[in-house]
Amino acid sequence: MTSTTTAAGRPQRSRLNRLIRELWFQVVLGAVLGIAVGILAPGLGKELKPLNDWFIDLVKMIVVPVVFCVVTTGIASMDNLRKAGRIGVKAIGYFLVLSLLSMLIGLVVANIFQPGAGLNVDPSSLNAADVPETATEHATFTGFISSLIPTSLLGAITGDAILAALMVSIVFGVALNMAGEDGAPLTRGIKALSDVVFRIVGWVMWLAPLGTFGALATVVATYGAESLKQLGYLIILFTATCVVYVLVVLGAIMRACRLSLFGLMRFLKAELLVALSTCSSEAVLPQLVRKLETLGVGRPVVGIVIPSGFSFNLDGSAVYLTMASLFLSQAMGVDLSWQQQLVMVGVMMLTSKGTAGIAGGAFIVLASTVTAVGHIPLAALSLIVGIDRILNEGRVFINVLGNAVATLVIGKWEKDLDTDKARSILNSRDRTTAPRTDAEAETGAPRVGADT
């Protein structure tokens, strides 16, 4: 009888132990504890902000090396350099179409539901001091070009500017490819460096639950109750729009690829949870690269689409920009014609490409657009600055998921996607279908994508 009880209890304990080791479960637990601390001990919650800041800083430390290793080795190993050009052109074309579609969706929703109507805000009552100083650092075309050019070759690799690192990585990869056998030893060295870098990524991801705990404790303690009361309609409307966007737009794209959207969300649940809690897409970029390679997408496609996507394919931010801009104009009682709204979309299409890697980049783009179009005062941004952190949740979620979908689309388009492998992983709920990455296996890091 005793042996039977022991045998019966062992599987239950085993399942519990496996669940505890899953990164996504640890992140959820950190989120719950963070919310509880933020509500019950707001003073302590505000003091926990460094936990999230430290985690984000650690991730940013490793993002550029990941981009350099993946992009350089991907291009250097190509048999035909024209493939890199094709991937880049297809990716940029896809990004522009999805960005425009996202902005038009936000425009239509804001016009139909009028979230700012009836507020009747007096411009003289607005306090420009409530607008962060970074919002006045408007994005410009020349600033965008300047961000592409590093001060030195090695400086781009050791710095934290993704666009500059991406440009140097592409140039370096092309040069290695053209060098042929002479560049082969260096290519092998960078591939070995890639293994080391991803091992460090595995170690850093151990700290994701702590970053989540600190982030949500601070947000709830600082903004929580007040922010949820203030402008609640805009929050609900934006969140609903994000949900519809994921289900309808991204769902249709995945169906066209004959892949499961919900399967992809399960496979990336740890990354999506970390992005949601930290409000940083960069926090998951290194692991997202490895996960998509595991899914069967070729390294050249992943290496080009993911880093460029986090700079140019910010669909969640695109939805936010048009909705927030129309909300402000409605709140100020300014009636914009369709012509003015389309001009505003055109300005956003330009300015939104120059804020990659900038904290609160979408808010800066919004400030740039408000200034360029001139339909409302810049001080009106003070109306939403308090809830921008909450709205950022939906932006980041769509940005991460949208770039994963974009990578699958370009991979399938380029015939560089193992569709059978991807379909097998995404359609299965068995945790064994999501193999551990090399970094996870060698370091004992928590599993980042297995289903339970």
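Quick caveat: nothing in here was measured; it's all calculated off a predicted structure.

## Comments concerning the pattern of salt bridges
Step number 1: Within this structure, the stated rule accounts for seven salt bridges.
Step number 2: Taking the shortest distance from any N to any O, the salt bridge between K49 and D53 comes out at 2.9 Å. Of this pair, K49 and D53 both sit in helix α4 (residues 49-76), separated by four residues, roughly a single helical turn.
Step number 3: Residues R299 and E293 are paired through a salt bridge, measuring 3.0 Å at the closest nitrogen-oxygen approach.
Step number 4: Through salt bridges with shared partners, a single network forms among R86, K90 and E414.

## Observations regarding helix α14 (residues 285-295)
Step number 1: Within α14, eleven of the eleven residues are buried, which leaves the element mostly enclosed by the surrounding structure.
Step number 2: Here α14 has its buried residues at L285, P286, Q287, L288, V289, R290, K291, L292, E293, T294 and L295.
Step number 3: In the segment just after α14, G296 is the residue with positive phi, at about 115°.

## Some words on the UniProt feature "transmembrane region" (unreviewed entry) in the protein
Step number 1: If you check UniProt for "transmembrane region" (unreviewed entry), the listed places come out as residues 23-41, 61-79, 91-113, 161-179, 200-225, 231-257 and 358-385 in our numbering.
Step number 2: The span residues 91-113 is 100% helix and 0% strand, and its two end C-alpha atoms sit 33 Å from each other.

## Some thoughts on a nonpolar patch on the surface
Step number 1: Taken together, the side chains of L58, M61, W203, W206, L207 and L210 define a hydrophobic patch exposed on the protein surface, amounting to about 570 Å² of accessible area.
Step number 2: Note on placement: L58 falls in helix α4.
Step number 3: For L58, a relative accessible area of 30% gives the class partly exposed.

## What to know about the packing of helix α5 (residues 82-113) against helix α15 (residues 299-312)
Step number 1: Two elements in contact, α5 and α15, have axes separated by 10 Å at closest approach and are oriented at 35°. Taken as a pair, α5 and α15 cross one another with a handedness that is right-handed. Each of A84, I87, G88, A91, I92, F95 and S99 in α5 lies in contact with α15, whose residues at this interface are P300, V301, I304, V305, S308, G309 and F312.
Step number 2: The class makeup of the residues in the contact of α5 with α15 is ten nonpolar, four polar and no charged.

## Brief notes about the nonpolar core
Step number 1: By size, the foremost hydrophobic cluster in this structure holds 116 residues, and its most contacted members are Y94, L264, L295, Y320, L328 and I384.
Step number 2: In terms of residues, this core owes the most to one element, α4, which gives 13 residues.

## Description of the packing of aromatic side chains
Step number 1: Inspection of the entire model under this criterion finds three aromatic pairs.
Step number 2: Their ring planes at 75° and their centres at 6.3 Å tell us that Y94 and F95 sit as a pair that is edge-to-face.
Step number 3: On the accessibility criterion, Y94 (10% relative accessible area) is buried.
Step number 4: Geometry around F267 places K291 over its ring, the cationic atom sitting 4.4 Å from the centre.

## What to know about the confidence of the model for the protein
Step number 1: Chain-level statistics for the protein give a pLDDT mean of 78 and a share of 79% at 70 or above.
Step number 2: Across the protein, the element-wise mean pLDDT spans from 46 in helix α21 (residues 438-443) up to 94 in helix α12 (residues 261-267).
Step number 3: Counting interchain partners and residues more than four positions distant, the pLDDT-below-50 stretch residues 1-7 has one contact.
Step number 4: Note that residues 430-445 has pLDDT below 50 and, in this model, 40 contacts with residues that lie over four places away or in other chains.

Reading the values: the criteria
- Residues numbered from 1 in each chain as written.
- Predicted model: local features only at pLDDT ≥ 70, side-chain atom pairs only at ≥ 80, totals over all residues.
- Heavy atoms only, no water.
- Salt bridge = Lys/Arg side-chain N within 4 Å of Asp/Glu carboxyl O.
- Helix = DSSP H or I, 4+ residues; strand = E, 2+ residues; numbered from the N terminus.
- Buried < 20%, exposed > 50% of the residue type's maximum accessible area, 1.4 Å probe, protein only.
- UniProt positions renumbered as here; feature names shortened; annotations may be inferred.
- Patch = residues over 30% accessible without salt bridge, like charges linked within 9 Å, V, L, I, M, F, W, Y side chains within 5 Å.
- Areas by Shrake-Rupley, 256 points an atom, 1.4 Å probe, with all protein chains shown as cover.
- Axes fitted to C-alpha atoms, helices over the stretch in contact; angles between N-to-C directions.
- Left-handed = near helix turned anticlockwise from the far one by under 90°.
- Contact = heavy atoms within 4.5 Å.
- Nonpolar A, V, L, I, M, F, W, Y, C, P; charged D, E, K, R; others polar.
- Core = buried A, V, L, I, M, F, W, Y, C linked by side-chain atoms within 4.5 Å.
- Phe/Tyr/Trp six-rings, centres within 6.5 Å; stacked < 30°, edge-to-face > 60°.
- Lys NZ or Arg CZ within 6 Å of the ring centre and 35° of its normal.
- pLDDT = per-residue confidence, 0-100.

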